[in-house]
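For reference, the chains in residue letters:
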Amino acid sequence: PSPFLEHWGLDRTVNFLNHGSFGACPLSVLEYQSALRTRMERQPVQFFLRDIYELIDDARDHLAHFVGAPASNLVFVPNAT
């Protein structure tokens with residue numbers, strides 16, 4: 001078995017190859033999403049009016065490092081497809 005299987009919640013009896021079209025997020029991503037939802041539910045107004053901007057900036061910084069670009073050259077937009 002692949003050492004990467006431990007990072008996914010996929011059914012181990014199926015060889016899932018279609019990661020481009022539908023879900024199947026790594027477990028660590030699902031855990032982070034859950035933590036963000038919990039944080040948002042605790043104080044929705046604070047989350048959407050204050051906290052979200054720092055979270056977006058942090059995400060942009062991580063993405064910039066990953067792709068080797070300046071963060072100032074990256075912007076998040078709604079799904080372009």
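Please refer to the structure higher up on the page.
Residues numbered from 1 in each chain as written. Predicted model: local features only at pLDDT ≥ 70, side-chain atom pairs only at ≥ 80, totals over all residues. Heavy atoms only, no water.

A.B. asks: Tell me about the overall build of the protein, residues and numbers included.
C.D. replies: Broken down by element type, the protein carries two helices and zero strands. For 81 residues, the compact-globule formula gives about 12 Å, and the C-alpha radius of gyration of the protein, at 16 Å, lies well above that figure. Expressed along its principal axes, the backbone C-alpha trace of the protein runs to roughly 45 × 35 × 25 Å. Taking all 81 residues of the protein together, 7% fall into the buried category. Put simply, 0% of the contacts in the protein that link residues at least 6 apart link residues at least 24 apart. As presented, the protein carries roughly 7,100 Å² of accessible surface, and 60% of it is formed by carbon and sulfur atoms. (Helix = DSSP H or I, 4+ residues; strand = E, 2+ residues; numbered from the N terminus. Rg over C-alpha atoms; globule rule 2.2 N^0.38 Å. Buried < 20%, exposed > 50% of the residue type's maximum accessible area, 1.4 Å probe, protein only. Contact = heavy atoms within 4.5 Å. Areas by Shrake-Rupley, 256 points an atom, 1.4 Å probe, with all protein chains shown as cover.)

A.B. asks: Can you tell me about the side chain of Asp51, naming the residues and giving the values?
C.D. replies: Here Asp51 is to be found in helix α2 (residues 44-67). Every residue in contact with Asp51, bar those within four places of it in the chain, is listed here: Arg39 and Gln46.

A.B. asks: Account for the environment of Asp11, with residues named and values stated.
C.D. replies: Position of Asp11 among the secondary structure elements: in the segment before α1 (27-42). Taking relative accessible area as the criterion, Asp11 reaches 45% and is therefore assigned partly exposed. Among the polar contacts made by the side chain of Asp11, one reaches the side chain of Thr13 at a distance of 2.6 Å. (Polar contact = N/O pair within 3.5 Å; in protein donor to acceptor, adjacent residues only side chain to side chain.)

A.B. asks: Residue-level account of the packing of aromatic side chains, with values.
C.D. replies: Under the counting rule described, the total for this entry stands at one aromatic pair. With a centroid separation of 5.2 Å and 85 degrees between ring planes, the pair formed by Phe47 and Phe48 is classed as edge-to-face. On the basis of relative accessibility, which here comes to 6%, the residue Phe47 falls in the buried class. The exposure class of Phe48 is partly exposed, given its relative accessible area of 44%. (Phe/Tyr/Trp six-rings, centres within 6.5 Å; stacked < 30°, edge-to-face > 60°.)

A.B. asks: Now, about α2: what can you tell me, with residues and values included?
C.D. replies: Of all the bends in α2, the greatest measures close to 55 degrees and is centred on Asp51. The set of residues buried in α2 consists of Phe47, Asp51, Leu55, Arg60 and Ala64. Against the buried residues of α2 lie α1. Just downstream of α2 lies Gly68, where phi reads positive at about 75 degrees. (Bend = angle between axes of the 7 residues up to and from the residue.)

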